[in-house]
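What follows is each chain in one-letter form.
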Amino acid sequence: MGIGSFATTTTAYKLLRVVPDERMVGTILIGHSLPVVVQAFIFLVVVQVDPAVLASLIAVSVFGSWMGAGVASKPANFIFGALLMLGIGNYAPSLILFSVLGMDPRAAFPIMMSSGAMMAMVGGLRFMNAGRFDTRAALGLTLGGIPGVLVAGLVVRSLPLSVLRWVVVFVVVYAATTMLRSAFTERRSGALD
């Protein structure tokens, strides 16, 4: 739906304390890699996008994910790739940016999903090599994610754009609030120690 699974999974993991913070990003990247590949194929078939635009935006986002938190100024997809490796996510910022630039939000989906698939695989390899992930949680994300994206592909095709935009705004605000609250709580408990 353009929300992405990063914000929602991070929020769920934080609330339920399923995965330690230091293993969270790797677990999410590895666990969501295959479902995002399936999702990318769905949207590449359903929505037509200029192949040159698609290829160039995927390339810079993958480079951004490889570089991680490196210095980036242009283009925006490079920054989104770097932010993904920090646990911030790619879909909602991409959807908002493409909408502001005047693109039909539906045309942003193949770009977001393809970029996300490639970034998750590239970034996931680095976390896998470092052993910074939870195997059971990642497997659960993969097994639940594939049927989930198949259902989501059907929902997005029929969802009115105004509803889609408000759902994205709500989830972004909710996830940001949850993550900020968690950061302040950790900082406060660190100051008390």
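Everything here concerns the structure above.
## Here's the deal with the overall build of the protein chain
- Per the secondary structure count, the protein chain includes eight helices and zero strands.
- Along the protein chain, helices and strands appear, N-terminal first, in the series α-α-α-α-α-α-α-α.
- The 193 residues of the protein chain split such that 44% are buried.
- In the protein chain, once contacts between residues fewer than 6 apart in sequence are set aside, the share between residues at least 24 apart is 72%.
- Here the protein chain displays about 10,400 Å² of accessible surface, and carbon together with sulfur accounts for 70% of that area.

## Looking at helix α2 (residues 21-46)
- Helix length check: α2 (26 residues) gives 36 Å between terminal C-alpha atoms against 38 Å at 1.5 Å per residue, within 8%.
- A bend of about 45° at serine 33 is the largest found in α2, and the proline proline 35 appears one to four places after it.

## Section: the environment of histidine 32
- Locating histidine 32 in the fold gives a position in helix α2.
- By relative accessible area, histidine 32 is classed as buried at 9%.
- For the pair histidine 32 and leucine 141, spaced 109 residues apart in the sequence, the C-alpha separation amounts to 6.0 Å.
- Setting aside chain neighbours within four positions, we find histidine 32 in contact with Ser5, Thr9 and Leu141.

Reading the values: rules and limits
Residues numbered from 1 in each chain as written. Predicted model: local features only at pLDDT ≥ 70, side-chain atom pairs only at ≥ 80, totals over all residues. Heavy atoms only, no water. Helix = DSSP H or I, 4+ residues; strand = E, 2+ residues; numbered from the N terminus. Buried < 20%, exposed > 50% of the residue type's maximum accessible area, 1.4 Å probe, protein only. Contact = heavy atoms within 4.5 Å. Areas by Shrake-Rupley, 256 points an atom, 1.4 Å probe, with all protein chains shown as cover. Expected span 1.5 Å × (residues − 1). Bend = angle between axes of the 7 residues up to and from the residue.

Interpretation in functional terms is not warranted from these geometric data alone.
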